[in-house]
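Here is how the chains run, residue by residue.
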Amino acid sequence: KNGVLLLNIPPTTEGLIHAVDAENLIAWKTLRDQIFSHNLLQQKGAKLLKDKNRVQLEEDDKPIWTTKKENEKLVFEYTTKKPIKFNILQLGEFIKWGQRVEDIEVSVKKNDLWESVGTGTTVGYKRIVVLPDTEADQIRITINQSRIKPFIDKVGLYYYKDAAKLDGKGHK
């Protein structure tokens with residue numbers, strides 16, 4: 001979680017990546033591209049609601065969201081025309097300005113009450129949180145705590161049918 005990716009793929013005696021390892025790396029990249037190719041929050045009908053404490057900045061032609069003041073929660077509340085099914089949250093901090101986030105939560109609205117479906121701690125450049133299969137048309141992603149003002153540049157929800165296998169607990 002939120003660490004450096006160490007592949008541990010040694011070269012052959014000829015100094016090359018073994019063909020089996022190369023095939024597996026290509027398959028892994030294909031899987032990653034497949035999972036993260038369709039951000040459900042960017043589809044037609046998904047709308048980010050306004051929040052009085054959230055402001056949008058821009059750096060390097062990228063939108064970055066933060067809070068107006070220190071020690072405020074940063075809230076991303078979305079509505080969709082139809083319920084969306086998701087089980088992966090991807091968040092990212094604009095790392096050029098540091099790692100600040102300490103506590104996150106994903107909630108959905110059911111019967112007029114917000115219900116938590118997942119939590120996490122640090123985010124860093126990119127954090128992927130595997131969630132239970134969830135279907136909702138009102139979704140809230142909250143940065144509950146950060147060291148100083150958070151700067152978020154990636155927010156995404158995705159669905160992958162075998163997501164349980166991704167958290168390291170779903171298979172042996």
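As a reminder, the structure under discussion sits directly above these lines.
Everything in this summary refers to the structure shown in the same document.

Scanning the protein chain for helices and strands turns up one helix and eight strands. Secondary structure elements of the protein chain, listed N to C terminal, follow the sequence α-β-β-β-β-β-β-β-β. Over its C-alpha atoms, taken along the principal directions, the protein chain stretches across nearly 60 × 35 × 30 Å. Considering the protein chain as a whole, with its 172 residues, one finds that 34% of them fall into the buried category. In the protein chain, the share of contacts with a sequence separation of at least 24, taken over all contacts with a separation of at least 6, comes to 73%. Within the structure as shown, the protein chain displays about 11,000 Å² of accessible surface, and the carbon and sulfur contribution to it stands at 51%. Positive and negative side-chain charges of the protein chain, numbering 29 and 24 respectively, have mean locations separated by a distance of 4 Å.

As a further point, take unusual backbone geometry. As a rule of thumb, non-glycine residues mostly have phi less than zero, and peptide bonds are mostly trans rather than cis. One non-glycine residue with positive phi stands out, namely Asp61, at about 60°. Here Asp61 shows up in the loop between strand 2 (54-59) and strand 3 (62-67). Its identity is not glycine, yet Asn111 carries a phi of approximately 50°, on the positive side. Checked against the element boundaries, Asn111 lands in the loop between strand 5 (101-110) and strand 6 (113-120). Overall, Asn111 belongs to the exposed group, its relative accessible area being 76%.

So, about the packing of aromatic side chains. Applying the stated rule across the entire model yields four aromatic pairs. Judged by centre distance (5.6 Å) and plane angle (90°), the rings of Trp65 and Phe76 are edge-to-face. With Trp65 in strand 3 and Phe76 in strand 4 (residues 74-93), this pair connects stretches of sequence that are 11 residues apart. Note on Trp65: relative accessible area 13%, which makes it buried. Geometrically, the ring pair formed by Trp97 and Phe151 is edge-to-face, given 4.8 Å between the ring centres and 80° between the ring planes. Here Trp97, found in the loop between strand 4 and strand 5, pairs with Phe151, found in the loop between strand 7 (127-146) and strand 8 (152-158); they are 54 residues apart in sequence, far enough to count as distant. Judged by relative accessible area, Trp97 falls into the partly exposed class, the value being 27%. A relative accessible area of 12% means that Phe151 is categorised as buried. Taken together, the aromatic side chains of Phe94, Trp97 and Phe151 make up a single cluster linked through ring pairs. A cation over an aromatic ring shows up here: Lys154 above the ring of Tyr125, its NZ or CZ 4.0 Å from the ring centre.

On the surface, Leu5, Leu7 and Trp28 cluster together into a nonpolar patch covering about 300 Å² of accessible area. Along the chain, Leu5 turns up in the segment before helix 1 (19-35).

Turning next to the pattern of salt bridges. It is possible for side chains bearing opposite charge to pair when their charged atoms get close. Within this structure, the stated rule accounts for nine salt bridges. With its nearest N and O atoms 3.5 Å apart, the salt bridge here joins Asp60 to Lys96. Highlighted residues: Asp60 in the loop between strand 2 and strand 3 and Lys96 in the loop between strand 4 and strand 5, separated in sequence by 36 residues. Where Glu77 meets Arg140, a salt bridge forms, and the shortest distance between an N and an O atom there is 3.5 Å.

About the thresholds
Position numbers for residues count from 1 along each chain, tracking the sequence in the order it is written. This being a predicted model, a pLDDT of at least 70 is required before a residue's local features are given, and a value of 80 or more before pairs of side-chain atoms are given or counted; all residues contribute to the totals for chains, interfaces and linings. Note that the side-chain values use all heavy atoms of the structure and ignore hydrogens as well as water. Runs of H or I in DSSP of at least four residues are treated as helices and runs of E of at least two as strands, each being numbered from the N terminus. Between buried and exposed lies partly exposed: a residue is buried under 20% and exposed over 50% of the maximum accessible area for its type, with that area taken using a 1.4 Å probe on protein chains only. Contacts are assigned to residue pairs that have any heavy atoms within 4.5 Å of one another. In this description, accessible areas are obtained by the Shrake-Rupley approach with a 1.4 Å probe, and a residue is regarded as covered only by the protein chains that are shown. Charge counting follows a simple rule: Lys and Arg are positive, Asp and Glu are negative, and His as well as the terminal groups are ignored. Note on charges: their place is set at NZ of Lys, CZ of Arg, CG of Asp or CD of Glu. Under the pairing criterion, centres of Phe, Tyr and Trp rings, with the six-membered ring standing for Trp, must be within 6.5 Å; the plane angle then separates stacked pairs below 30 degrees from edge-to-face pairs above 60, leaving the rest tilted. Two conditions define a charge sitting above a ring: the NZ of Lys or the CZ of Arg must be within 6 Å of the ring centre, and it must be within 35 degrees of the ring normal. A patch consists of residues exposed above 30% relative accessible area that lack any salt bridge, with like charges linked at up to 9 Å and nonpolar side chains (Val, Leu, Ile, Met, Phe, Trp, Tyr) linked at up to 5 Å. Throughout this description, the term salt bridge denotes a Lys or Arg side-chain nitrogen within 4 Å of a carboxyl oxygen of Asp or Glu.

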